[in-house]
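Listed below are the residues making up each chain.
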Amino acid sequence: MEYLSTRGQAPVLKFSDILLEGLAADGGLYVPAHYPHIPLEELERLSRLPYGELAWELLRRYLDDIAEDDLARLVVRTYTATRYPFARHPARAARITPLTWLEEGRFGLLELSNGPTLAFKDMALQLLGELFEYVLERRDERLNILGATSGDTGSAAEYAMRGRERVQVFMLSPAGRMSPFQRAQMYSLQEPNIHNLAVEGTFDDAQDIVKAVSQDAEFKRRHRIGAVNSINWARIAAQVVYYFAGYFQSAERVGEPVAFAVPSGNFGNILAGHIARQMGLPIGCLILATNENDVLDEFFRTGVYRPRASSETFATSSPSMDISKASNFERFVFDLVGRDAEALRRLWQALETQGYFDLKGTPYWARLPEFGFVSGRSTHADRLATIRDVWTRHGVLIDPHTADAVTVARCAGIEDTPVVVLETAQAAKFAETLREAVGFEPPRPAELADLEQRPQRVTRLPADVQQVKDYVAAHA
Ligand SMILES: *Cc1c(COP(=O)(O)O)cnc(C)c1O
């Protein structure tokens, strides 16, 4: 498989070359040159495979410069019930992403948050850890990952990279601004390759420091600084797999359509659904749900894409969707404009100069229905009402992000196909909001009962670029 930049002005590369990189040299995002099509007979065969083998069958088409046997080993080792143990019904943990029907055959939840950090980021990042180690070993290289987190991504990255010899992780977090659970989750890791840096400032301060360090090309090169951000193609590829796994568990017969509803922020999760659909998986529609930060809903309703400033971004009770600019959206727009890199460049030029683009009235907008998107937004009050309703009617606790998607999916009025909501986090992570919704705190997995009591390993630093650089230089 060859990978092209959405902006069309960067070299064509292979998977291993883009794995450790961020943006393409022309500022675009790498995408596969085509989406391999999977015919119906092949889908039937795949439907009988356990998750690890299914993942290998799909990923080998994209990661084809990794020897097939090696890839099989990495993938099968990743997708086990030992790594994803926290299923709602432990007997179903071996499915990795088990389906829970709320209404049998009609409305279900696909559990994507049974990994170590109880959020769906683990689905891709656990594999990314294996892939990084494999490629770094073959090249005899090392990598220092620098990132900023307000919670989920940072901890999923740390759990994926803990103990890996060729990788050091330097993760900046805003001191005193995460929940005790989130803090304990990250800071209790004792592996010497994990460096938790609590910055005296906000998440934006932490992110600005990471940006400043990344703009110092000389420092970046000297210390081999990389990232594990949401635009990483391997993460998207890994996420394609669970759409297939979810489809096979919910379709009445292989070939019948199923709709998926996705709590969205950076457009990474739902982009994987779009790709699965392009590969021939019979996805009826893709229901995109946002919270009050509704940039994406605005686009799918009006044709206007207008990213917001961080000052216009609300802090909500589904915080992992508090995003003002959807970093993976460019990959979808590339397909929408018929993979015309010049057309894409013009749109992103408009974003630079006027702050938005408007597709209404263009031929691209006329094509949008082919892609099957439906969208909607949800508010704090909707989230609480939905969590309460799902608990009282079905006896199932869902987290606020999943609740956004359940809210929007119910409003979408889809009657003729099963609807599967992607469950992106466990309720246990959001005890405060759950208490507000149902009056009690959700139980958490027994293995994590003492999380906040475990010893913590964290270095506190002022929000100062030079001090962070000094720390990285001393420990890289
Ligand atoms: C990251 C995240 C999302 C948003 O996913 P995107 O791929 O950024 O659209 C939704 N819910 C949870 C719990 C998350 O951690």
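Keep in mind that what you see is a predicted model, and the values were worked out from it rather than measured.

K.L.:
Honestly, the site of the ligand in this entry has me stumped. Any pointers?
P.N.:
The full set close to the ligand counts 15 residues, and K121, G265, N266, N269 and T424 are the nearest of them. Between the ligand and the protein, one listed contact pairs an oxygen atom with a backbone N or O atom of F267 at 3.1 Å. The contact in question runs from a nitrogen atom of the ligand to an N or O atom on the side chain of T424, over 2.9 Å. Surface burial for the ligand is 96%, taken as the share of its 390 Å² of free accessible area covered by protein chains. Partitioned by chemical class, the residues of the shell around the ligand number five nonpolar, eight polar and two charged.

K.L.:
Before we go on, may I ask you to explain the environment of L20 in this structure?
P.N.:
One can find L20 in the loop between α1 (15–19) and β2 (30–32). Separated by 443 residues in sequence, L20 and A463 place their C-alpha atoms 27 Å apart. Contact partners of L20, with chain neighbours within four places excluded, come to F132, V135, L136, R139, E141 and L143.

K.L.:
Which parts of the structure should I look at to understand the nonpolar core?
P.N.:
Inside soluble globular proteins, nonpolar side chains tend to come together where they are buried. Counting residues in each nonpolar core, the largest one holds 116 residues, and the members touching the most others are Y243, F244, F267, F329 and F357. Examining the composition of this core, we find that 13 residues originate from one element, helix α10 (residues 233–250), more than from any other. Within the second largest apolar cluster, 28 residues are counted, among which are A259, A289, I387 and V390.

K.L.:
Mind showing me how you'd approach the UniProt feature "domain: Threonine synthase N-terminal" (unreviewed entry) in the chain here?
P.N.:
When the UniProt feature table is mapped onto this chain numbering, "domain: Threonine synthase N-terminal" (unreviewed entry) sits at residues 2–79. Secondary structure within residues 2–79 divides into 41% helix and 8% strand; the distance between the first and last C-alpha atoms comes to 26 Å.

K.L.:
How do you make sense of the packing of aromatic side chains when you look at a structure like this?
P.N.:
To describe a pair of aromatic rings, one takes the distance between the centres and the angle between the planes. Counting across every chain of the model gives 27 aromatic pairs. Geometrically, the ring pair formed by Y62 and W233 is edge-to-face, given 5.6 Å between the ring centres and 65 degrees between the ring planes. Residue Y62 is found in the loop between α3 (51–59) and α4 (68–78), and its partner W233 is found in helix α10; the two are separated by 171 residues along the sequence. You'll find Y62 and W233 in the same group, each marked buried. The rings of F267, F299, F300, Y305, F329, F332, W348, F357, W365, F371 and F373 are connected pair by pair, giving a single aromatic cluster.

K.L.:
When you look at the state of the cysteines in this model, what are you seeing that I'm missing?
P.N.:
Linking two cysteines covalently through their sulfur atoms gives a disulfide. A full pass over the atoms with the stated rule returns zero disulfides. Summary of cysteine pairing: C285 is not part of a disulfide, and the nearest cysteine sulfur, belonging to C411, is at 13 Å. Looking at C285, the relative accessible area reads 13%, which means it is buried.

K.L.:
Looking at this model, I keep getting lost on the UniProt feature "modified residue: N6-(pyridoxal phosphate)lysine" (unreviewed entry) in the chain. Mind explaining?
P.N.:
Using the residue numbers shown here, the UniProt feature "modified residue: N6-(pyridoxal phosphate)lysine" (unreviewed entry) corresponds to K121. Relative to the assigned elements, K121 resides in helix α5 (residues 121–139). Of the residues examined, K121 reaches a relative accessible area of 14% and is grouped as buried. Setting aside residues up to four positions removed in sequence, K121 forms contacts with T153, A156 and R235.

K.L.:
What am I meant to see in the environment of A55 here?
P.N.:
Within the secondary structure, A55 is located in helix α3. What makes A55 buried here is its relative accessible area of 0%. Spatially, the C-alpha atoms of A55 and F170 are 30 Å apart, while their sequence positions differ by 115 residues. Each residue touching A55, except ones within four places of it in the same chain, is listed here: V75, Y79 and V241.

Procedures and definitions
Residues numbered from 1 in each chain as written. Predicted model: local features only at pLDDT ≥ 70, side-chain atom pairs only at ≥ 80, totals over all residues. Heavy atoms only, no water. Near = heavy atom within 4 Å. Polar contact = N/O pair within 3.5 Å; in protein donor to acceptor, adjacent residues only side chain to side chain. Areas by Shrake-Rupley, 256 points an atom, 1.4 Å probe, with all protein chains shown as cover. Nonpolar A, V, L, I, M, F, W, Y, C, P; charged D, E, K, R; others polar. Helix = DSSP H or I, 4+ residues; strand = E, 2+ residues; numbered from the N terminus. Contact = heavy atoms within 4.5 Å. Core = buried A, V, L, I, M, F, W, Y, C linked by side-chain atoms within 4.5 Å. Buried < 20%, exposed > 50% of the residue type's maximum accessible area, 1.4 Å probe, protein only. UniProt positions renumbered as here; feature names shortened; annotations may be inferred. Phe/Tyr/Trp six-rings, centres within 6.5 Å; stacked < 30°, edge-to-face > 60°. Disulfide = S-S within 2.5 Å.

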